[in-house]
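Structural overview
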2 protein chains.
Amino acid sequence: MSTVSETDRLARVVLSCGVEPGDHRTSSLVRQLGAAKALEEQLVPKPGSRLADRLRDVEPERQLEQAARCGIRFVVPGDPEWPAGLDDLDHGVVVQGLGGTPPGLWVKGPMPLTGLATSVAVVGSRAASVYGAETTRGLVDHLAVSGVPVVSGGALGIDFVAHDAALLAGGATVAVLACGVDRVYPAANRRLLRHLAAEFAVVSEQPPGSAPTRQRFLARNRLIAALTRGTVLVEAALRSGALNTVGWAEHLCRPVMCVPGPVTSYTSQGVHLCLRRGGASVVTHGSHVLEVIGAAGEHLVEEPRGPERPHDQLSGVERQVLEWVPVSTPAGVDSIARLSSLHVRDAVGALGRLQGRGLVREVDGGWRLAGAG
Amino acid sequence: MSTVSETDRLARVVLSCGVEPGDHRTSSLVRQLGAAKALEEQLVPKPGSRLADRLRDVEPERQLEQAARCGIRFVVPGDPEWPAGLDDLDHGVVVQGLGGTPPGLWVKGPMPLTGLATSVAVVGSRAASVYGAETTRGLVDHLAVSGVPVVSGGALGIDFVAHDAALLAGGATVAVLACGVDRVYPAANRRLLRHLAAEFAVVSEQPPGSAPTRQRFLARNRLIAALTRGTVLVEAALRSGALNTVGWAEHLCRPVMCVPGPVTSYTSQGVHLCLRRGGASVVTHGSHVLEVIGAAGEHLVEEPRGPERPHDQLSGVERQVLEWVPVSTPAGVDSIARLSSLHVRDAVGALGRLQGRGLVREVDGGWRLAGAG
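Remember, predicted model here, so these are calculated numbers, not experimental data. (Residues numbered from 1 in each chain as written. Chains lettered and ligands numbered in written order. Predicted model: local features only at pLDDT ≥ 70, side-chain atom pairs only at ≥ 80, totals over all residues.)

1. Description of the overall build of chain A
Broken down by element type, chain A carries 15 helices and 13 strands. A globule of 373 residues ought to have a C-alpha radius of gyration of about 21 Å, yet chain A, at 29 Å, is considerably larger. Counting only C-alpha atoms, chain A reaches 100 × 40 × 35 Å along its principal axes. Within chain A, buried positions represent 52% of all 373 residues. Here the contacts in chain A between residues at least 6 apart in sequence split such that 71% fall between residues at least 24 apart. (Helix = DSSP H or I, 4+ residues; strand = E, 2+ residues; numbered from the N terminus. Rg over C-alpha atoms; globule rule 2.2 N^0.38 Å. Buried ≥ 20, exposed ≤ 12 C-beta atoms within 10 Å, placed from the backbone. Contact = placed C-beta atoms within 7 Å.)

2. Looking at the relation of the copies chain A and chain B
Least-squares fitting of chain A to chain B yields an RMSD of 0.0 Å, with the superposition described by an axial translation of 0.0 Å and a rotation of 180 degrees. What we have between these two chains is a two-fold relation. When the interface residues of chain A are mapped onto chain B, 100% of them again fall at the interface, so both copies present the same face. (Least-squares fit on C-alpha atoms with pLDDT ≥ 70 in both.)

3. With respect to the domain arrangement of chain A
Domain annotation for chain A reports domain 1 (70-293) and domain 2 (310-369). Computed over C-alpha atoms, the centres of domain 1 of chain A and domain 2 of chain A are 57 Å apart. (Domains from an automatic or database assignment.)

4. Considering the sheet that holds strand S11 (residues 281-282) of chain A
Residue and element names in this part refer to chain A. Read across the sheet, 9 strands follow the order S1-S4-S8-S7-S6-S5-S9-S10-S11 without closing on themselves; strand pairing throughout is mixed. Taken across any chain shown, the strands that pair with only one partner, and hence form the sheet edges, are strand S1 (72-75) and S11. Both strand S7 (residues 173-176) and strand S8 (residues 201-204) contribute to a ladder of 3 bridges, which runs parallel. Each residue of the ladder has a partner; that of Ala-175, found in S8, is Val-202. Of the strands in this sheet, strand S5 (120-123), strand S6 (150-152) and S7 touch helix H7 (residues 158-168), which is tilted by about 155 degrees from S6. (Pairing = 2+ DSSP bridges. Axes fitted to C-alpha atoms, helices over the stretch in contact; angles between N-to-C directions.)

5. Points about the interface of chain A and chain B
With 45 residues of chain A at the interface, the matching set in chain B holds 45 residues. Elements represented by at least two residues in the side of chain A that touches chain B include exactly helix H6 (130-145), helix H9 (214-227), helix H11 (269-277), S11, helix H13 (316-323) and helix H14 (333-339) of chain A. Counting residues per element, the side of chain A that touches chain B draws most heavily on H11(A), which supplies 5 residues. Residues of the side of chain A that touches chain B, tallied by class, amount to 24 nonpolar, 12 polar and 9 charged. (Nonpolar A, V, L, I, M, F, W, Y, C, P; charged D, E, K, R; others polar.)

6. Thoughts on the sheet that holds strand S7 (residues 173-176) of chain B
The strand order across the open sheet built from 9 strands is S1-S4-S8-S7-S6-S5-S9-S10-S11 (chain B), with neighbouring strands paired in mixed fashion. Of all the strands in the sheet, just strand S1 (72-75) and strand S11 (281-282) of chain B have a single pairing partner and so form its edges.

7. Quick look at unusual backbone geometry
All names here are of chain A. Cis rather than trans, the peptide bond between Tyr-185 and Pro-186 has omega equal to -5 degrees. Tracing the sequence through the fold places Pro-186 in the loop between S7 and helix H8 (190-199). Despite not being glycine, Gln-96 has its phi angle at roughly 50 degrees, a positive value. In this structure, Gln-96 sits in the loop between strand S2 (94-95) and strand S3 (98-99). One non-glycine residue, Cys-253, lies in positive phi territory at about 60 degrees. Tracing the backbone through its elements, the reader meets Cys-253 in the loop between helix H10 (241-251) and strand S10 (256-258).

8. Thoughts on helix H11 (residues 269-277) of chain B
For H11(B), the tally of buried residues reaches 7 of 9 residues, placing the bulk of the element in the interior. Among the residues of H11(B), B:Gln269, B:Gly270, B:Val271, B:His272, B:Leu273, B:Cys274 and B:Leu275 are the ones counted as buried. Where H11(B) is buried, its residues meet S11 of chain A together with strand S9 (231-233), helix H10 (242-251), strand S10 (256-258) and S11 of chain B. Immediately beyond the C-terminal end of H11(B), within one or two residues, lies B:Gly278, with a positive phi of roughly 90 degrees.

9. Points about the packing of H13(A) against helix H15 (residues 344-356) of chain A
Residue and element names in this part refer to chain A. Following both chains from N to C, one finds H13 and H15 inclined at 90 degrees, their axes separated by 9 Å at the closest point. Regarding the angle of H13 to H15, the classification is roughly perpendicular. Mapping the contact onto sequence places Val-317, Glu-318, Val-321 and Leu-322 in H13 and Asp-346, Ala-347, Ala-350, Leu-351, Arg-353 and Leu-354 in H15. (Parallel < 35°, antiparallel > 145°, perpendicular 65-115°, else oblique.)

10. Regarding the environment of B:Thr267
Residue and element names in this part refer to chain B. Inspection of the secondary structure assignment puts Thr-267 in the loop between S10 and H11. The class for Thr-267 is buried, based on 24 C-beta atoms found within 10 Å. Separated by 135 residues in the primary sequence, Thr-267 and Gly-132 place their C-alpha atoms 8.2 Å from one another. The contacts of Thr-267, once residues within four sequence positions are left out, are Ser-125, Ala-127, Ala-128, Ser-129, Gly-132, Glu-235, Ala-236 and Ala-237.

11. Details of the packing of H6(A) against helix H12 (residues 286-293) of chain A
Residue and element names in this part refer to chain A. The geometry of H6 relative to H12 is characterised by a closest axis approach of 8 Å and an angle of 55 degrees between their N-to-C directions. The angle between the axes of H6 and H12 places the two elements in the oblique class. Residues Leu-139, Asp-141, His-142 and Leu-143 of H6 pack against Gly-286, Ser-287 and Val-289 of H12. Grouping the amino acids of the contact of H6 with H12 by side-chain chemistry returns 3 nonpolar, 3 polar and 1 charged.

12. Here we look at the nonpolar core
Counting 194 residues, the largest nonpolar core has A:Val232, A:Leu233, A:Cys258, B:Val232, B:Leu233 and B:Cys258 as the members making the most contacts within it. Discounting chain neighbours no more than four positions away, the residues touching B:Val232 are B:Val120, B:Ala121, B:Val122, B:Leu139, B:Met257, B:Val259, B:Val283 and B:Val289. (Core = buried A, V, L, I, M, F, W, Y, C linked by C-beta atoms within 7 Å.)

13. A few points about helix H8 (residues 190-199) of chain B
Residues and elements named next belong to chain B. Of all the positions in H8, only Leu-192, Leu-193, Leu-196 and Ala-197 are classed as buried. Taken end-on, H8 shows its buried residues confined to a sector of 130 degrees, consistent with a single buried face. Facing away from the buried surface of H8 by more than 90 degrees, the exposed residues are Arg-190, Arg-191 and Ala-198. Looking at the packing, one finds that the buried side of H8 touches strand S4 (105-108), helix H7 (158-168), S7 and strand S8 (201-204). (Arc of directions from axis to C-beta.)

14. Describing the confidence of the model for chain A
Of all residues in chain A, 98% attain a pLDDT of 70 or more, and the chain-wide mean is 92. Across the assembled chains, the prediction reports ipTM 0.79 with pTM 0.83. (pLDDT = per-residue confidence, 0-100.)

15. What about the pairing of strand S12 (residues 360-363) of chain A?
Residue and element names in this part refer to chain A. In terms of strand pairing, S12 meets strand S13 (residues 366-369) through 4 bridges, oriented antiparallel. Counted as the bridge partner of Val-363 is Gly-366 from S13. Hairpin geometry of S12 and S13 is characterised by an intervening segment of 2 residues between the two adjacent antiparallel strands and by a positive phi of about 50 degrees at Asp-364.

16. A few points about the environment of B:Ser146
All names here are of chain B. Relative to the assigned elements, Ser-146 resides in the loop between helix H6 (130-145) and strand S6 (150-152). What makes Ser-146 partly exposed here is the crowd of 16 C-beta atoms within 10 Å. Distance from Ser-146 to Ser-287, taken between C-alpha atoms, is 9.1 Å for residues 141 residues apart in sequence.

Shown next, in the form of structure tokens:
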């Protein structure tokens, strides 16, 4: 049950429709006065600003009604579905003039936003490489199978692959848009966005019908960072918008995880820049992401050890002897026994067993490692 | 001029020939008692050890004479050429039972070891990929041209490329070997090692004639780390010996620099492991290495900014307008003016200029970004 008053909800609809996203002054007013009082304050005409006129033009009941007719709901703080992570945007972080908690979220789709509590953002370049796409698939597959919802921006490139791979693995995935949730941008992702809206959720702080602009993309990025437990950057050129999302994650103290790539790849330059700036961790597998976002002690990843080698199975004495067998020019048993501090008898026995395992070779009455150059 | 007494030098020759490298107990004795007294101590026969016999068998004057005849010198602490960095090995770090400053270094080649004061180690897999080899070339080329000597292990793969690229760029490069400096291992690097010994330097703590063994490789790795200002890891599989060198660099508080690679590449797994362990920095260019090893404020690298874009040259008003032009569906001048808080007159002017630059398009009496999907 929502504890939100009708007045508060309607005031938030007006603010959502009349104020541009990321207007941190308005969201600061809302925090201090509540939505209704903040709206009243903003309805007082100010010289040089037409905000009051714009707000007066909004008909909130009609907006909600129209939205509902399209299957779109308006979620506000106090609703059971309100994602707590968004409140971190109220702690005063402002980037490029943008910031603040949105008055509400317009949501289309059956998935409740509470499902995002354990989600991860996967972002990257629109101009992704095959490497980036394949890496994203592998990583997202692991997250989806582990029950971690994947959030992205519904764009081309890495965003598309992240959503698509989550769906393929039977996982949940949500797109956060810079335009209204009833719109399809980019047009090429029409099928994907329709599917997300029908089966999961598409989210925006923009009211239905809004067009995407640069500012709205930048404001949207802060939502992707705030809605998730951490942000994974797969591929990004130096000026990729994904770096903006990563910046928001850092400001919000959410972990940033980078998937490295070839230093020769244009689309990994932004990722390496991010790693060089410090604070981000390297992830090369979905399990690494789980380790980072998990609660302490959860999802711990064992350090990889590389393939088992023949001498992993040797006895202590055999290993000791092997350490001192020359790589190329053969050495006599006496010398090897001396170096390994063993009796000649024991060294001879060990050398015989090592030979049986194909690790050493007897050459000209001495011993050397087998298979070395 | 060396301040080393003849007794001290000869005692060190005996220790170098009779004691295995990385014997930190002996080097601890030498630190406490001086080489001559430490040798005396070790010459006392101990039950179960034949070390005293081995030491007694060494004829130090003959060793030095034979070495000199092959153009090999024995450098010890107190010699002007002694690399100060090696003394850091005396601070008690022991890895896999190995540690300590060597009694001396056997050196072949005209380059004085003082030249290593500004050097960098470049290490990696023997089984290097084309990616690793090319990346090493680019990085080492920058170091060599900047006058930074490159130290490596004279092995196949990344080691070879590091030496070779330094030579190609007219830089200095030194190989630190696990066998005697008169020996050639691996045989495939005969030409390279001969050239280094003739023009630069080949270094070992092993006396001439010694064969390489596993233990000697591990002991050698500590010298590579200690002789240099920092260690660059280019490519390494999970069990690469290069990770051992990196471990030494960390223990000696030398910076470790990692060149990332594709997460799909077997030979980058060890590098990514090293980055995930923390403490290492990401480098993707030689200039990044210079920045890390330089004195404070030296060689600072400007953060890359990506290619200049058309709207980098816009006026404030033009940018303001551009931020609010929709990506796809055209918006009227009124709406754009309102969103950008400008007079319609100013917005019209700016839109015209933006159109001239090919950034926006007039469609159906409204405006949208040009070139977007």
